[in-house]
Amino acid sequence: MSGNGLGYGEQGGEAAAELAQEAAPTAAPSAPAAFGLFSRDTKKNEDLKQMLESSKDSAKLDAMKRIVGMIAKGKNASELFPAVVKNVASKNIEIKKLVYVYLMRYAEEQQDLALLSISTFQRALKDPNQLIRASALRVLSSIRVPIIVPIMMLAIKEASSDLSPYVRKNAAHAIQKLYSLDPEQKEMLIEVIEKLLKDRSTLVAGSVVMAFEEVCPDRIDLIHKNYRKLCNLLVDVEEWGQVVIIHMLTRYARTQFVNPWKHDEAVEEYNENNFYDSDEEQKEKDRKVKNTYTMDPDHRLLLRNTKPLLQSRNSAVVMAVAQLYWHLAPKSEAGIVAKSLVRLLRSNREVQYIVLQNMATMSIQRKGMFEPYLKSFYVRSTDPTMIKTLKLEILTNLANEANISTLLREFQTYVKSQDKQFAAATIQAIGRCATNITEVTDTCLNGLVCLLSNRDEIVVAESVVVIKKLLQTQPAHHGEIIKHMAKLLDNITVPVARASILWLIGEYCERVPKIAPDVLRKAAKSFTNEDDLVKLQILNLGAKLYLTNSKQTKLLTQYVLNLGKYDQSYDIRDRTRFIRQLIVPNEKSGALSKYAKKIFLVQKPAPLLESPFKDRDHFQLGTLTHTLNSRATGYLELSDWPEVAPDPSVRNVEVAESGKEWTGILGKTKKEKAAEKFYSDSEEEEDESASTSASGSESGSESEEEDKEEDSSDESSGNSSSSEELSDTESDSKESTAKKTSKAADESDSEDIKKKAKRISKKRSTSSSSGTESTSSEESSSDSKSGSDSENDSESGKSRNVTSNKKEEKPVQDRKAPNKKDVFLLDLDDFSPVTTPVAVPTAAVLSPSLTADLEGLNLLSSSVIDVTTQVPVPTKTHDLLHRMSGKGLAAHYHFSRQPGLFGDHMIPVQVTVTNTTDQMIENIHIGEKKLPPGMRMLEFNPIAYLEPAGSITVSMGIDFCDSTQTASFELCTKDDHFNVNIQPPVGELLLPVTMSEKDFKKEQGMLTGMNETSTTIAVTPQNSTRLVIIERVVKAANLGVVPSGQDNVHRFAAKTVHSGSLMLVTVELKESSTAQLIINTEKTVIGSVLLRELKPVLSQG
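Residues numbered from 1 in each chain as written. Predicted model: local features only at pLDDT ≥ 70, side-chain atom pairs only at ≥ 80, totals over all residues. Heavy atoms only, no water.

Caption draft 1: Representation of the overall build of the protein. If you tally the helices and strands in the protein, you get 45 helices and 15 strands. Looking at the protein residue by residue over its 1101 residues, the buried ones come to 50%. Accessible area of the protein: about 53400 Å², with a carbon and sulfur share of 52%. (Helix = DSSP H or I, 4+ residues; strand = E, 2+ residues; numbered from the N terminus. Buried < 20%, exposed > 50% of the residue type's maximum accessible area, 1.4 Å probe, protein only. Areas by Shrake-Rupley, 256 points an atom, 1.4 Å probe, with all protein chains shown as cover.)

See the structure below:
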């Protein structure tokens, strides 16, 4: 927070730096003495004084530029203060600006001289130029003299009512300066802050919240009325203002809303217990869970308005939003920040360090957030040690039974690193993994024992220390390891490692009775040369052996105690005296000597290997306090959640106070209510017409306001949220389609067509308004989200446009595919004359009359017959979810090659789901989708239940955008979520096309050069027959066979599903059992991948 304060307070310095660039050329031709590092060029300063006293404005301006240039370079120009301050009343605006830049820098140092000009500053506060008024206020607040506090106070009050937002912003900055000068002015300053908080300008918002945080952070009553306004303005505020506001709103929300995490716990408990409950009990529990928690609309408003800022270019803003979601969002929603934080790891090392520290704290409590990005935390050789250590910390936190084998392989590489500090940290990480995951404890222990033979002393030493800690957990099974470590004692020189070995042997001396006395003998020899740490352990070893095996070690122990008695270190001498009195009985021995054995050989608790970030979560993330793990000055505690939420009506704004703002908020709340109604279960299919009209009327009342907000948000943040962008493009495409429709209807003569066009345009406008609504309230709550999913699935039979995620942009044809009546005029634009052979979309999309009309018209090239329906080809089945990973639920998929099943661009995929358990599995559906940009998915309808040992096949459509990128999504049941992936072979990205040989050659002639790839392959005689080649090629790729007049040439054609680019494949048989495989296509990447896949298919025996 102090960093932000500096950012606000030092704008004078920034101005000086900017002006220095202008000043530099002028200052260049100065005397050579200027280059002397310690020389004092009095002549030059005299020259500047004369220029400042000149009657010409050009000379004064030149002098001021040179002076500001000096300041920017770090040179001292304070002796020119009297000459400069005379020009503060200059009529020339440029001179005046530069004089104020100078005064802001030196007003604190030369306070007496600055006071002489105070009347000029007061007059400047009334200047018609806003920059002069603001600069005068900044200079005035920089004069740190208590006597002018009343003048400053008056100036701030006047500036807070200024018409210019820039001046009001500077008034907010001056508040902090005045408060630090005279804290007794607090009450009057709070009045000014209260006034400025009501300001609607985005320029002022960040500065006044900063002043609020400095002067009166505990006065949250000032925020109530401005809460919603700040949430809505947030996206347009400048970046550092956003950081301050987000931190303040985080603290505010923790005092005003109830804990959303309790709801998550209640739902988890409900999911665990409801399997064995009766129907009545289940209904009762359903009711309780529903009534447990409802998120306050203002809480949701904050989360929704901060979400787009995760895409900000400023790392501090992203970090601020991440901490807000961590501290305020339900646990199920906090995961969205992970991707943005991972993006910040591409920044410079300082940003990486802060972000990784916060991620380390997060990953302890919620591993699931970062598990999908595990590879982003792999260490690079170029990373500095501090970054490597933090990444290692996160990897250790994320370790579980599923990924531990991968991580251990990664750790093996890290141990060999040249960075010894990092290698040691890796060994500690292996030790933590061994303690946390019992399945790999033995594996880790064996690996660490192998490291004992490493050439590097530090690696060996760290291994010894970690093995010592691990052996404490189960010493009975590891007598051999203790013996092996005893042998290493001669070679290891690192004190900590030697001390650890000696402690182990002493602690478990009864398990190695023959070795322990010999180790003591060797240690006694080198006692005088050992480190203090080792000496203490030698004394302990001697004491333990004296108590358990005094026959062999009595003399040795006495010898060691005698050496210790005269040691230079008083610690050693004290320990020697204590042990002698305790274990060697004599007349002076006290009662304790009877219990010596119990004292020395008591069972010690095994050390707990924990993350150093374990206890940091009680500090607010993203703060200096969290980074240092120690309370810093100015840190404000996050309060605990209230048990009962305070009255939310305090955030309502009275109409009399500000009519416009009230209208805006009213519109927002209406929109939220409409969104809740839209997603509610009761309104699933009852009254479509009513809901349509309602959404239409609401969109009418809110459209202007929403447009303004979206436009401003797009201008301010260069990278707004994808959901907002997509909703805009969706509504634009729908509106343009509606315009085309109405235009076509006007031109036609038939009344029926006119009516249809009107009906279609009305539907399109309604759907666009409701689409915008649904996008804006997309994250209204996790409950409403699941509700919308189920409703979408239930209505998918009627209209496909609602099925998948609302963030996806859909073409018009896909939306209206099942409603055949609506297609008449809408899709004509899509059938423009084409020169390249493209398959006609199937009859499922077009009405029979339209198809007949199109066949009558010469719109399409004669070369195209249709998308061919291939002879059924046995397609390969791929595993989607293994029964072990899916807790008994298994799924596999194959590509069914049925064109047009889900409309254009969609590739149909058949998924077979099998229940291998002896219990019923309920509500199998697709959950969260993690698709690359542009990729879309039409999910299958939820499977209500699947009987034990039952199996069901469902279909879904995926638009892979002509790439083999993986489509990742969650396959969910009532109780579980499983991450699954579908990756298409390149051959399934095609639709077969038939054409004549003549057209094939014509198109092939146009796709040469860069668009052609070829290779020579060896083909056995039995595989060179026409039937075998066709069968193998068509099985590997979804290609159509083109008739060929030559026996040795086989041609195939297809188009890519998404873009419709032609893919021409030629197999030409040559002599001596070889063949040439040629692929012509604009999509060169797909062509080269297809070539690579077809080559082994044709050449195999």
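Once the structure has been displayed, the description carries forward.
Caption draft 2: Layout of a nonpolar patch on the surface. On the surface, a nonpolar cluster with roughly 300 Å² of combined accessible area is contributed by L592, Y595 and I599. On the accessibility criterion, Y595 (44% relative accessible area) is partly exposed. (Patch = residues over 30% accessible without salt bridge, like charges linked within 9 Å, V, L, I, M, F, W, Y side chains within 5 Å. Salt bridge = Lys/Arg side-chain N within 4 Å of Asp/Glu carboxyl O.)

Caption draft 3: Representation of the environment of G622. Along the polypeptide, G622 turns up in the loop between α34 (596-600) and α35 (624-628). By relative accessible area, G622 is classed as partly exposed at 32%. Expressed as a C-alpha distance, the spacing of G622 and Q357, which sit 265 residues apart in the sequence, is 8.9 Å. Excluding its chain neighbours within four sequence positions, the residues that come into contact with G622 are H247, M319 and N358. (Contact = heavy atoms within 4.5 Å.)

Caption draft 4: Structural context of the sheet that holds strand β9 (residues 977-982). The strand order across the open sheet built from four strands is β6-β4-β8-β9, with neighbouring strands paired in antiparallel fashion. Unpaired on one side and paired on the other, β6 (943-946) and β9 mark the two borders of the sheet. When the angles between neighbouring strand axes are averaged without regard to direction, this sheet yields 35 degrees. As defined by bridge partners, strand β4 (residues 921-930) adjoins strand β8 (residues 967-972) across four bridges and the pair is classed as antiparallel. The partner of I926 across the bridge, within β8, is L971. (Pairing = 2+ DSSP bridges. Axes fitted to C-alpha atoms, helices over the stretch in contact; angles between N-to-C directions.)

Caption draft 5: Representation of the nonpolar core. Counting 198 residues, the largest nonpolar core has I67, Y102, L103, L341, M359, F377 and F411 as the members making the most contacts within it. When residues of this core are assigned to their parent elements, the largest contribution, 10 residues, is made by helix α19 (residues 315-328). Discounting residues that sit within four places of it in the chain, Y102 has contacts with M64, I67, I71, A77, S78, L80, F81 and V84. Core analysis: the second largest hydrophobic core is formed by 56 residues, V911, L991, V1033 and M1063 among them. (Core = buried A, V, L, I, M, F, W, Y, C linked by side-chain atoms within 4.5 Å.)

Caption draft 6: The arrangement of the side chain of S463 in detail. As for its placement among the helices and strands, S463 is situated in helix α27 (residues 457-473). By relative accessible area, S463 is classed as buried at 0%. Among the polar contacts listed, one links the side chain of S463 to the backbone oxygen of V459, at a separation of 2.7 Å. Aside from chain neighbours lying at most four places away, what touches S463 is I427, L448, L451 and L452. (Polar contact = N/O pair within 3.5 Å; in protein donor to acceptor, adjacent residues only side chain to side chain.)

Caption draft 7: Inspection of unusual backbone geometry at higher detail. Phi angles above zero are rare outside glycine, and A949 is one such case at about 60 degrees. Among the structural elements, A949 can be located in the loop between β6 and β7 (951-959). With a phi close to 55 degrees, D962 is a non-glycine residue in the positive phi region.

Caption draft 8: Highlighting the side chain of T912. Positionally, T912 belongs in strand β3 (residues 907-915). Residue T912 is classed as buried on the basis of its relative accessible area, which comes to 14%. For T912, the side chain forms a polar contact with the side chain of T953, separated by 3.2 Å. Ignoring any residue separated from it by four or fewer positions in sequence, one finds T912 in contact with A890, A891, H892, S951, I952 and T953.

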